[in-house]
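Spelled out, the chains give:
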Amino acid sequence: MAETAQKVKPRLKQRYEDEILPALMERFGFTNTWQAPRLRKVSVTMSVPEAATDIDALDAAREELALIVGQAPAVTRAKRAVANFNIREDQPIGLRVTLRGERMWYFLDRLLNVALARVRDFRGLSPNAFDGRGNYSIGLDDELIFPELNYDDVTKARGLNITIVTTADTDEEGREMLEQMGLPLAKTE
């Protein structure tokens, strides 16, 4: 009988359980581990405006986003026609992915430890991008910061919007958790 391979836990998740969760419980005075903030999901979206005229651009963007997040993205379509932007109703205009579970942990680890370090003139992320409930949104101008993409294979550099959704009740709890995970927030003076 063949032995089953031991499943490896994502290192950021292991660090959360071993170090960050006890620190959060002590910092905020939680008595139960379920009171402490956790990651719920990571949502990644990409706008592909040239898909209105070139459907191959949408396919290329889909392949690039799938390489970055490790999951096939869903196509988003226009809800209504907008004449100024030459968009018709039900026309493909973007891509979206919702990451949960281990893929979420692996993606967040690569984002925080590898991709953001490759941003030119990086001085930290905005500390004001919290939504009031502990969720954080990041807008990236260039997808080429992810090492999964080969520079020569990318036809056009596109931006990404990344939203980290947590179970935190306040921005302070969410900020503390994400900073301990390694989110590089710019220092306010």
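From a predicted model like this one, the values you see are computed outputs, not experimental measurements.

### Here's the deal with the overall build of the chain
Thought 1: For the chain, the helix and strand inventory stands at four helices and five strands.
Thought 2: Reading the helices (α) and strands (β) of the chain from amino to carboxyl end gives α-β-α-β-β-α-β-β-α.
Thought 3: Principal-axis analysis of the C-alpha atoms gives the chain an extent of 60 × 55 × 35 Å.
Thought 4: Residue burial in the chain is summarised as follows: out of 189 residues, 38% are buried.
Thought 5: When the accessible area of the chain is evaluated, it comes to approximately 11,600 Å², of which 46% is carbon and sulfur surface.
Thought 6: Computing the positive centroid from 26 side-chain charges and the negative centroid from 30, the chain places the two 4 Å apart.

### A few points about the environment of Ile 164
Thought 1: Relative to the helices and strands, Ile 164 is located in strand E5 (residues 160-166).
Thought 2: Apart from the residues lying within four places of it in its own chain, the contact partners of Ile 164 are Leu 39, Lys 41, Leu 108, Asn 135, Tyr 136, Ile 138 and Leu 178.

### Concerning the sheet that holds E5
Thought 1: The five strands lie next to each other as E2-E3-E1-E5-E4, forming an open sheet whose pairing is antiparallel. Only two strands of the sheet have a single partner each, and these edge strands are strand E2 (74-77) and strand E4 (136-140). Neighbour to neighbour, the strand axes of the sheet diverge by 25 degrees on average, direction disregarded.
Thought 2: Relative to strand E3 (residues 92-99), strand E1 (residues 39-47) runs antiparallel, the two sharing six bridges. Looking across to E3, one finds that Ser 43 is bridged to Thr 98.
Thought 3: Against the sheet, helix H3 (residues 101-115) makes contact with E1, E3, E4 and E5, and its axis sits at roughly 65 degrees relative to E1, the strand it touches most.

### Re the packing of helix H1 (residues 11-28) against H3
Thought 1: Between H1 and H3, the shortest axis-to-axis distance is 7 Å and the interhelical angle comes to 90 degrees. The pairing of H1 with H3 is recorded here as roughly perpendicular in orientation. Residue-level inspection shows Arg 11, Leu 12, Lys 13 and Tyr 16 of H1 in contact with H3, the latter providing Trp 105, Leu 108, Asp 109 and Asn 113.

The rules behind the values
Residues numbered from 1 in each chain as written. Predicted model: local features only at pLDDT ≥ 70, side-chain atom pairs only at ≥ 80, totals over all residues. Heavy atoms only, no water. Helix = DSSP H or I, 4+ residues; strand = E, 2+ residues; numbered from the N terminus. Buried < 20%, exposed > 50% of the residue type's maximum accessible area, 1.4 Å probe, protein only. Areas by Shrake-Rupley, 256 points an atom, 1.4 Å probe, with all protein chains shown as cover. Lys, Arg positive; Asp, Glu negative; His and termini not counted. Charge placed at Lys NZ, Arg CZ, Asp CG, Glu CD. Contact = heavy atoms within 4.5 Å. Pairing = 2+ DSSP bridges. Axes fitted to C-alpha atoms, helices over the stretch in contact; angles between N-to-C directions. Parallel < 35°, antiparallel > 145°, perpendicular 65-115°, else oblique.

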